[in-house]
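The residues making up each chain are set out below.
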Amino acid sequence: MNSAHASEGAHPLGHPRPAPADRPVVRPRRLRATAAMRRLVAETRLHPADLVLPMFVREGASEPVPISSMPGVVQHTTESLKQAVTDAATAGIGGIMLFGVPEHKDATGSGATDPDGILNVATRIAVAEAGSALVVQTDLCLDEFTDHGHCGVLDSDGAVDNDATLERYRQMGVAQAEAGSQLLGLSGMMDGQVAAVRDALDGAGHAGVPLLGYAAKYASAFYGPFREAVQSSLEGDRRTYQLDPANRREGALEIDLDVAESADIVMVKPAMSYLDVLADAAASSPVPVWAYQVSGEYAMIEAAAANGWIDRRRAIEESVLGIRRAGADAVLTYWATELAGWIR
């Protein structure tokens, strides 16, 4: 190659000629130029099947009861539950998570294991209504059913008794499985809860019922509106059993323990403030990892949107997309049915 030819074309060693300083060679904006291009190269996508709708069912209610701190969310009657389940199935979401709101509470949460308790009644209704269209899941925790509002039974000093609570969880797990629950959500954060409920289910002939371990559940301020939703009787807090918000490695430890105890799925809760914990879990867990976009996250976006401070739809979509991007295989969100409609 002569020098004249080299000066007109490629560099004599075959490397491209450097661009002038004001003309970048790498232009990432090329892949953002149109909506079609952005859609084609998107790294994370939302799908209705990746969404789970939490639902509240109130014993004795004659009509749905609005939850003031969660605009658009209600405590369902057993009758309105049927239509809401049908709507969720039609939208194509992956499942629903049921919470019971009983009329009467006591120290041991006896309504949780009563076959005619509101949660078990609601489960049978939802299973019949949903058919095979979605997975009916149930919250396995005593807080909605105890008059003191804690997630377990108390000892003589008023502290939550871990091992006595496990016995109640074992009974509750069997009751929920017999009511037809297709996935038990162990949200109480007792040590050894997954192993205890797995053993109880296997012994009662329910070896095929999977467990969702709320493994990294933090003592968060963002649960506030949920307390209204389940009419919680809690005084004080749950810091002796839920995780300290300061701790990242402890979340990983709890996840490892739940997997070792045969959890079929593990949960990080809340989602928004714990995306680092979620990403850690997604990178290491051999089982699916879910995240719960909790009541406070919902309430903040709804309140800001109602004041005209943010675009409601874009904020909802972005918030759930961020949880998926951090590694959640599925997201529990109160917008599940509405968001699925937008996606479809």
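Whatever comes next refers back to the structure up there.
Only a predicted model underlies this, so the values are computations on that prediction, with no experimental measurement involved.

Thresholds, definitions, all that
Residues numbered from 1 in each chain as written. Predicted model: local features only at pLDDT ≥ 70, side-chain atom pairs only at ≥ 80, totals over all residues. Heavy atoms only, no water. Axes fitted to C-alpha atoms, helices over the stretch in contact; angles between N-to-C directions. Helix = DSSP H or I, 4+ residues; strand = E, 2+ residues; numbered from the N terminus. Parallel < 35°, antiparallel > 145°, perpendicular 65-115°, else oblique. Left-handed = near helix turned anticlockwise from the far one by under 90°. Contact = heavy atoms within 4.5 Å. Nonpolar A, V, L, I, M, F, W, Y, C, P; charged D, E, K, R; others polar. Buried < 20%, exposed > 50% of the residue type's maximum accessible area, 1.4 Å probe, protein only. 1 Å grid on protein atoms, 1.4 Å probe; cavity = no way out; pocket = protein on both sides within 12 Å on 5 of 7 lines; lining within 4 Å. Points joined across faces, edges and corners; volume = space filled by probe spheres on them. Phe/Tyr/Trp six-rings, centres within 6.5 Å; stacked < 30°, edge-to-face > 60°. Patch = residues over 30% accessible without salt bridge, like charges linked within 9 Å, V, L, I, M, F, W, Y side chains within 5 Å. Areas by Shrake-Rupley, 256 points an atom, 1.4 Å probe, with all protein chains shown as cover. Salt bridge = Lys/Arg side-chain N within 4 Å of Asp/Glu carboxyl O. Lys, Arg positive; Asp, Glu negative; His and termini not counted. Charge placed at Lys NZ, Arg CZ, Asp CG, Glu CD.

Asker: I'm lost on the packing of helix 10 (residues 295-306) against helix 11 (residues 312-325) in this one. Help?
Answerer: Angle between the axes and distance between the axes: these two values describe a pair of packed helices. Taken N-terminus to C-terminus, the directions of helix 10 and helix 11 make an angle of 160°; their axes are 9 Å apart at the nearest point. Taken together, the axes of helix 10 and helix 11 lie roughly antiparallel to each other. Helix 11 is crossed by helix 10, and the crossing has right-handed handedness. Facing Ile301, Glu302 and Ala305 of helix 10, the residues of helix 11 in contact are Arg312, Ala315, Ile316 and Ser319. Of the residues contributing to the contact of helix 10 with helix 11, the split by class is four nonpolar, one polar and two charged.

Asker: What am I meant to see in unusual backbone geometry here?
Answerer: What you tend to see is this: most non-glycine residues have negative phi, and most peptide bonds are trans. Note that the residue after lysine 269, namely proline 270, is joined by a cis bond; omega there is -5°. The topology assignment puts proline 270 in the loop between strand 8 (265-269) and helix 9 (275-284). Positive phi values are uncommon outside glycine, yet methionine 189 reaches one of about 60°. Mapped onto the fold, methionine 189 is located in the loop between strand 6 (183-186) and helix 6 (193-203). Even without glycine at this site, serine 262 takes up a positive phi of about 85°. If you trace the backbone, serine 262 turns up in the loop between helix 8 (249-260) and strand 8.

Asker: When you look at the side chain of glutamine 137 in this model, what are you seeing that I'm missing?
Answerer: By the element assignment, glutamine 137 lies in strand 5 (residues 135-140). Owing to a relative accessible area of 1%, glutamine 137 belongs among the buried residues under this scheme.

Asker: Teacher, can you tell me more about empty space enclosed by the protein here?
Answerer: To find the voids left in a structure, one rolls a probe of water-molecule size over its atoms. Enumeration according to the criterion identifies one cavity of 30 Å³ or more in this entry. What the largest cavity holds in volume is close to 100 Å³. Phe99, Asp139, Cys141, Asp143, Ser187, Lys217, Tyr223, Phe226, Arg227, Arg238, Gln242 and Lys269 together form the lining of the largest cavity. Partitioning the lining of the largest cavity into residue classes produces four nonpolar, two polar and six charged.

Asker: Please explain the packing of aromatic side chains as it appears in this structure.
Answerer: Summed over all chains, the structure comprises eight aromatic pairs. With a centroid separation of 6.1 Å and 15° between ring planes, the pair formed by phenylalanine 56 and tyrosine 334 is classed as stacked. Linking phenylalanine 56 in strand 1 (residues 51-58) with tyrosine 334 in the loop between strand 10 (330-332) and helix 12 (336-343), this pair joins segments that are 278 residues apart in sequence. Take phenylalanine 56 and tyrosine 334: they sit in the same class, and that class is buried. When the ring of tyrosine 298 is compared with that of tyrosine 334, the centres are 5.8 Å apart and the planes differ by 70°; the resulting orientation is edge-to-face. Here tyrosine 334 lies in the loop between strand 10 and helix 12 and tyrosine 298 lies in helix 10, a separation of 36 residues in the sequence.

Asker: I tried to follow a positive patch on the surface on my own but got confused; where do I start?
Answerer: A grouping of Arg23, Arg27, Arg29, Arg30 and Arg32 is seen on the molecular surface, where their side chains present a positively charged patch. By secondary structure assignment, the location of arginine 23 is in the loop between helix 1 (3-8) and helix 2 (35-41). Of the residues examined, arginine 23 reaches a relative accessible area of 53% and is grouped as exposed.

Asker: Please explain the side chain of arginine 168 as it appears in this structure.
Answerer: Here arginine 168 shows up in helix 5 (residues 162-179). Despite its burial, arginine 168 pairs with no opposite charge; the closest candidate is aspartate 106, at 6.2 Å N-O. When sequence neighbours within four positions are dropped, the list of residues in contact with arginine 168 reads Thr108, Gly109, Ser110, Thr113, Leu142 and Val153.

Asker: What's the story with the pattern of salt bridges in this structure? I'm lost.
Answerer: When their charged atoms lie close together, side chains carrying opposite charge are able to pair. As enumerated under the stated definition, the model contains 14 salt bridges in all. Between aspartate 116 and arginine 124 there is a salt bridge, and its shortest N-O distance comes to 3.8 Å. On the basis of relative accessibility, which here comes to 57%, the residue aspartate 116 falls in the exposed class. Taking relative accessible area as the criterion, arginine 124 reaches 37% and is therefore assigned partly exposed. The partner of aspartate 237 in a salt bridge is arginine 239, and the shortest N-O contact between them spans 3.8 Å.

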